[in-house]
Amino acid sequence: MYQWSSERARRLPVTAIVEITLQRTAHYFRERALRSGVMLSNGQLWTDFAKKKFTDWGEKSITHTVTKYDHLQQSASVVTKRQQGLGFNTHVVKLANRECSCGKWNQFGIPCSHAQKVCAAYNINAASMVKDYYDVRAYKNTYSKALQPVQSEEYWDVSNFELVHDTTIRTSTRPGRSQTLRIQNEMDWRQTRARQQAQRRGESSRQSNVIEQDYPQ
Ligand SMILES: [Zn+2]
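Reading the values: rules and limits
- Residues numbered from 1 in each chain as written.
- Predicted model: local features only at pLDDT ≥ 70, side-chain atom pairs only at ≥ 80, totals over all residues.
- Heavy atoms only, no water.
- Pairing = 2+ DSSP bridges.
- Helix = DSSP H or I, 4+ residues; strand = E, 2+ residues; numbered from the N terminus.
- Patch = residues over 30% accessible without salt bridge, like charges linked within 9 Å, V, L, I, M, F, W, Y side chains within 5 Å.
- Areas by Shrake-Rupley, 256 points an atom, 1.4 Å probe, with all protein chains shown as cover.
- Salt bridge = Lys/Arg side-chain N within 4 Å of Asp/Glu carboxyl O.
- Contact = heavy atoms within 4.5 Å.
- Donors = N, O, S within 2.8 Å, 3.2 Å for Na, K, Ca; no water.
- Tetrahedral: all angles 85-135°; square planar, octahedral: opposite > 155°, others 65-115°.
- Buried < 20%, exposed > 50% of the residue type's maximum accessible area, 1.4 Å probe, protein only.
- Axes fitted to C-alpha atoms, helices over the stretch in contact; angles between N-to-C directions.
- Parallel < 35°, antiparallel > 145°, perpendicular 65-115°, else oblique.
- Left-handed = near helix turned anticlockwise from the far one by under 90°.
- Nonpolar A, V, L, I, M, F, W, Y, C, P; charged D, E, K, R; others polar.

This part takes up the pairing of strand β1 (residues 65-68). Direction of pairing for β1 relative to strand β2 (residues 75-81): antiparallel, over a ladder of four bridges. Counterpart to Thr67 in the pairing with β2 is Ser77. Hairpin connection from β1 to β2: six residues lie between these consecutive antiparallel strands, with Gln74 at a positive phi of about 50 degrees.

This is how it looks when you write it as structure tokens:
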């Protein structure tokens, strides 16, 4: 959700990154809470995404041809016209298992056009098969929680615990030097400089040892 912003934010101090993340999350929650109110007042059953998908697939299903097979499995084959070029596609739907061979029903949790066609053939309400997590009330409930603004650090309560760095978290399972794709910020530069300085110190002390060995006093 914050991919683009976090890439830019890597160039900022850590406190600013945390503040940006909190502000954006608060904005995200506020917008969705407002939108869920509108969706409920419109009498919408599902979120905008689910509503559009279900409607689009419902319209598409009109062009399909269905052949019923087993009543117990509520299975059927659905023949669809290919979008480009000539020819047809055949998909297999088993309503009892909530599955279609196209994979979209399983992927989105919304009956695809093929499944909706089979629902109509078996006189089943396809809307009852949309996953609960698209329910507008569930959506509203998710985003109704209020995020609290945070005051400056000097006003924080003093913590009664000590933060302990867990060294096992960064233990590498692969041999060799670990690589990172992370965007570097000034904290890394400081670390890199410190490491380079430490290496230089190490090299110069080794060189002085060599000199001492080459030219023993
Ligand atoms: Zn399908």
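On the surface, a nonpolar cluster with roughly 370 Å² of combined accessible area is contributed by Leu22, Leu147, Val150 and Trp156. Looking at the secondary structure, you find Trp156 in the loop between α6 (136-143) and α7 (186-214).

This part is about the side chain of Thr47. With respect to the helices and strands, Thr47 occurs in the loop between α2 (14-41) and α3 (48-61). Residue contacts for Thr47: discarding those within four places in its chain leaves Met39, Tyr134, Val136 and Tyr139.

Turning next to the coordination of the zinc ion. Only Cys100 (SG), Cys102 (SG), Cys112 (SG) and His114 (ND1) from the protein reach the zinc ion as donors, at distances of 2.1 to 2.3 Å. Here the zinc ion binds four donor atoms, and the angle range of 108 to 112 degrees at the metal identifies the geometry as tetrahedral. As a motif over one chain, the donors of the zinc ion read C-x1-C-x9-C-x1-H. The exposure class of Cys102 is partly exposed, given its relative accessible area of 24%.

Okay, the packing of α2 against α6 next. In the contact formed by α2 and α6, the axes pass within 8 Å of each other and the chain directions differ by 150 degrees. With respect to α6, the axis of α2 lies roughly antiparallel. Between α2 and α6 lies a crossing of left-handed hand. Between α2 and α6, the residues in contact are Tyr28, Phe29, Arg32, Ala33, Ser36, Met39 and Leu40 and Val136, Arg137, Tyr139, Lys140, Thr142 and Tyr143, respectively. Residue classes in the contact of α2 with α6 are distributed as eight nonpolar, two polar and three charged.

Treat this as a map of the structure, not an account of what it does.
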